[in-house]
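# Observations on the three-dimensional arrangement
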Amino acid sequence: MKAPVVLSIDAMSGDHGHETVVDAALLALDAHSAVELILVGDESTLRADLQRRKRAGDPRLRIQHASEVVAMDESPSKALRNKKDSSTRVALNLVKQGQAQAVVSAGNTGALMAIAKFVLKTLPGIDRPAIISAIPSVNGHVHMLDLGANAECSAEQLLQFAVMGSALVTATLGIERPRVALLNIGEEEIKGNEVIKQAAQLLASSPLNYIGFVEGDGVFLRDIDVVVCDGFTGNIALKTGEGVARLIYHFIKEEFTRSLFTKLAAVMAMPALKALGGRMDPRNYNGASLAGLNGIVIKSHGSADAQAFATAIRVAIREVEQAVPQRIVGLMAATLPKTPQLVAQA
């Protein structure tokens, strides 16, 4: 019988508070029999939550006390320097100490990244961690990075992102040679700034399955597995896509409630609308990885409800089971000797 997956949960994180996180933890325990969770936060508060839910004696759930909380608008540097007993820091320390195999948090993204990088450090060959997540596309979904951790990147760092994305997709989806594309303002070779052009050259000479540039619309419409970009561009692209999805939902709702006839049409179309809602539901895509760290850290959206946070926990379980950091190290080691420009710089 294999050992259980043990996760530390930043229980004081997120916009909706500890009760939502506790509900998500219980959903995850009910869905995954080989998982143990450590709720990190104020012990008395969390114990009361579990008692109200009649789960205080669950053998697969324990509490690790933390006396401080990182606010959602708190400066990352201040959180790192001044809050050494925050739920975020304690949860990450549990991974460093080997008591847990991954962290899930819905807290302050900047603070989580800063503290995680300080506590866990980066993997060999990786300069900076990057945020990667699955987003819906015509072929199911595509993984995109960086989604906001690094506003400016070098060509070498974009190659590192491609390695991280490829390793994660292979590990979690079983795709042996994921198709990798660089986000650009055009698909022609002459398009883009110098960093993008240099990154394209590095990717083309690497053993990765690089298929060239992709424009913004192609992220959602082309047959691609990994899209690589800097965090400034990636975050804007992500938020733009989310906004368009909400706009379409608004228009559909507006049109179906315009008259009695359209309301009747809405009733007839309800099965299709529910199916569409399920495919576009952001709760099904919650859980972004802070890839490149010497440990697994999953960032849930701050506004996540219990179901969405449980999805982020599921992402953490999958990455632990598939040993994603070790796969990144292996692919990075295989990529460096086969990329001439990087060998010259090493």
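Starting from 1, residues in each chain are numbered consecutively following that chain's sequence as written. At least 70 in pLDDT is required for a residue's local features to be given in this predicted model, at least 80 for side-chain atom pairs to be given and counted, and no such filter applies to totals for whole chains, interfaces and linings, which use all residues. The basis for the side-chain values is all heavy atoms of the structure; hydrogens and waters are excluded.

### Some thoughts on the overall build of the chain
What counts as a helix is a DSSP run of H or I of at least four residues, what counts as a strand is a run of E of at least two, and both are numbered from the N terminus. Of the regular secondary structure elements, the chain holds 13 helices and eleven strands. Based on C-alpha atoms, the radius of gyration is set beside the globule rule, defined as 2.2 Å times the residue count to the power 0.38. Its C-alpha atoms give the chain a radius of gyration of 21 Å, within 12% of the compact-globule value 20 Å for 346 residues. Its C-alpha atoms give the chain principal-axis dimensions of roughly 65 × 60 × 45 Å. Only protein chains enter the accessibility calculation, which uses a 1.4 Å probe. A residue is then buried if its area is under 20% of the maximum for its type, exposed if over 50%, and partly exposed in between. Here the chain holds 346 residues, and 47% of them are scored as buried. Of the contacts made within the chain by residues no fewer than 6 positions apart, 72% connect residues no fewer than 24 positions apart. Throughout, a contact is declared for two residues whenever any of their heavy atoms are within 4.5 Å.

### Brief notes about the nonpolar core
Each nonpolar core is a collection of buried residues, namely Ala, Val, Leu, Ile, Met, Phe, Trp, Tyr and Cys, held together in the definition by side-chain atoms within 4.5 Å. Leu92, Met144, Val227 and Val297 are the most contacted members of the largest nonpolar core, which has 37 residues in total. Among the elements of the structure, β2 (35-41), α4 (87-96), α5 (109-120), β5 (130-137), β6 (140-145), β7 (179-183) and β10 (288-291) are those that each provide at least two residues to this core. Looking at this core element by element, the count peaks at seven residues for α5.

### A few points about unusual backbone geometry
Of note, the amide linkage connecting Leu145 to Asp146 takes the cis form, showing an omega dihedral of 5°. Inspection of the secondary structure assignment puts Asp146 in the loop between β6 and α6 (155-173). In this structure, Lys54 is a non-glycine residue whose phi angle is positive, near 60°. Examined against the element boundaries, Lys54 turns out to sit in the loop between α2 (43-52) and β3 (61-65). Its relative accessible area of 76% is what places Lys54 among the exposed residues.

### As for the state of the cysteines
For the purposes of this analysis, a disulfide is any pair of cysteine sulfur atoms at a distance within 2.5 Å. In the structure shown here, the tally under the stated rule is zero disulfides. Unpaired in terms of disulfides, Cys153 finds its nearest cysteine sulfur in Cys229, a separation of 8.3 Å. With relative accessibility at 13%, the residue Cys153 sits in the buried group.

### Thoughts on the pairing of β6
Along any regular strand, the residues point their side chains to alternate faces of the sheet. Pairing between two strands is assigned when DSSP locates at least 2 bridges connecting them. Alignment of β5 against β6, held across six bridges, turns out to be antiparallel. For Ser137, the partnering residue across the bridge sits in β6 and is Gly140. Hairpin connection between β5 and β6: a loop of two residues separates the two successive antiparallel strands. Pairing between β6 and strand β9 (residues 226-228): three bridges, direction parallel. Bridging across to β9, His143 finds its partner in Val226.

### Some points on the side chain of Ser289
Residue position: Ser289 is located in strand β10. Dropping the residues within four chain positions of it, Ser289 is found in contact with Ala130, Ile131, Ile132, Leu168, Val297, Ile298, Val315 and Glu319.

### Points about helix α1 (residues 18-31)
The span you would expect from a helix comes to 1.5 Å times its residue count less one. The end-to-end C-alpha distance of α1 is 20 Å, a good match for the 20 Å that 14 residues give at a rise of 1.5 Å each. Here the buried face of α1 lies against β1 (5-10), β2, α2, β3 and α11 (306-321).

### Section: the packing of α6 against helix α7 (residues 194-204)
Taken N-terminus to C-terminus, the directions of α6 and α7 make an angle of 50°; their axes are 8 Å apart at the nearest point. In terms of orientation, α6 lies oblique with respect to α7. Considering only the axes of α6 and α7, their crossing is right-handed. Facing Ala155, Glu156, Leu158, Leu159 and Ala162 of α6, the residues of α7 in contact are Val195, Ile196, Gln198, Ala199, Leu202 and Leu203. Partitioned by chemical class, the residues of the contact of α6 with α7 number nine nonpolar, one polar and one charged. Geometry is summarised by axes, namely lines fitted to C-alpha atoms with helices restricted to the contacting stretch, and by angles between N-to-C directions that run from 0 to 180 degrees. Small angles under 35 degrees read as roughly parallel and large ones over 145 as roughly antiparallel, with 65 to 115 read as roughly perpendicular and the rest as oblique. By convention, the crossing between two helices is left-handed when the near helix turns anticlockwise from the far helix through less than a right angle, and right-handed when the turn is clockwise. Any residue that is not Ala, Val, Leu, Ile, Met, Phe, Trp, Tyr, Cys, Pro, Asp, Glu, Lys or Arg is counted as polar, Gly included; the first ten are nonpolar and the last four charged.

### Focus: a nonpolar patch on the surface
Patches were defined on residues exceeding 30% relative accessible area and lacking a salt bridge, with like-charge contacts within 9 Å and nonpolar side-chain contacts (Val, Leu, Ile, Met, Phe, Trp, Tyr) within 5 Å. The accessible surface values rely on the Shrake-Rupley method and a 1.4 Å probe; as for residues, cover is taken only from the protein chains in view. Salt bridge criterion: a side-chain nitrogen from Lys or Arg within 4 Å of a carboxyl oxygen from Asp or Glu. Nonpolar side chains collect at one region of the surface, where Val138, Phe220 and Leu221 lie side by side and expose about 260 Å² of accessible area between them. Taking relative accessible area as the criterion, Leu221 reaches 54% and is therefore assigned exposed.

### Digging into the layout of surface pockets
Here the idea is plain: a probe the size of a water molecule rolls over the atoms and shows the empty space left. There is about 400 Å³ of room inside the second largest pocket. Of all the elements in the fold, those that place two or more residues in the lining of the second largest pocket are α7, α8 (218-221) and α9 (231-256). Sorting elements by how many residues they give to the lining of the second largest pocket places α9 first, with five residues. Counted by class, the lining of the second largest pocket contains twelve nonpolar, seven polar and one charged residues. Cavity and pocket criteria rest on a 1 Å grid covering protein atoms alone: a 1.4 Å probe that fits but cannot get out defines a cavity, protein on both sides within 12 Å along at least 5 of 7 lines defines an open pocket, and an atom within 4 Å of a point defines a lining residue. Grid points are joined across faces, edges and corners, and a volume is the space filled by probe spheres set on the points.

### Comments concerning the environment of Asp49
By the secondary structure assignment, Asp49 is in helix α2. Separated by 26 residues in sequence, Asp49 and Ser75 place their C-alpha atoms 29 Å apart. If we skip the residues at most four places from it in the chain, Asp49 touches His18, Glu19 and Val22. In protein, a polar contact means a hydrogen-donor-capable atom and an acceptor-capable atom, both N or O and within 3.5 Å, with residues adjacent in sequence counting only if both atoms are side-chain atoms; elsewhere, any N or O pair within 3.5 Å suffices. Polar contacts involving the side chain of Asp49 include one to the side chain of Arg52, which spans 2.3 Å.

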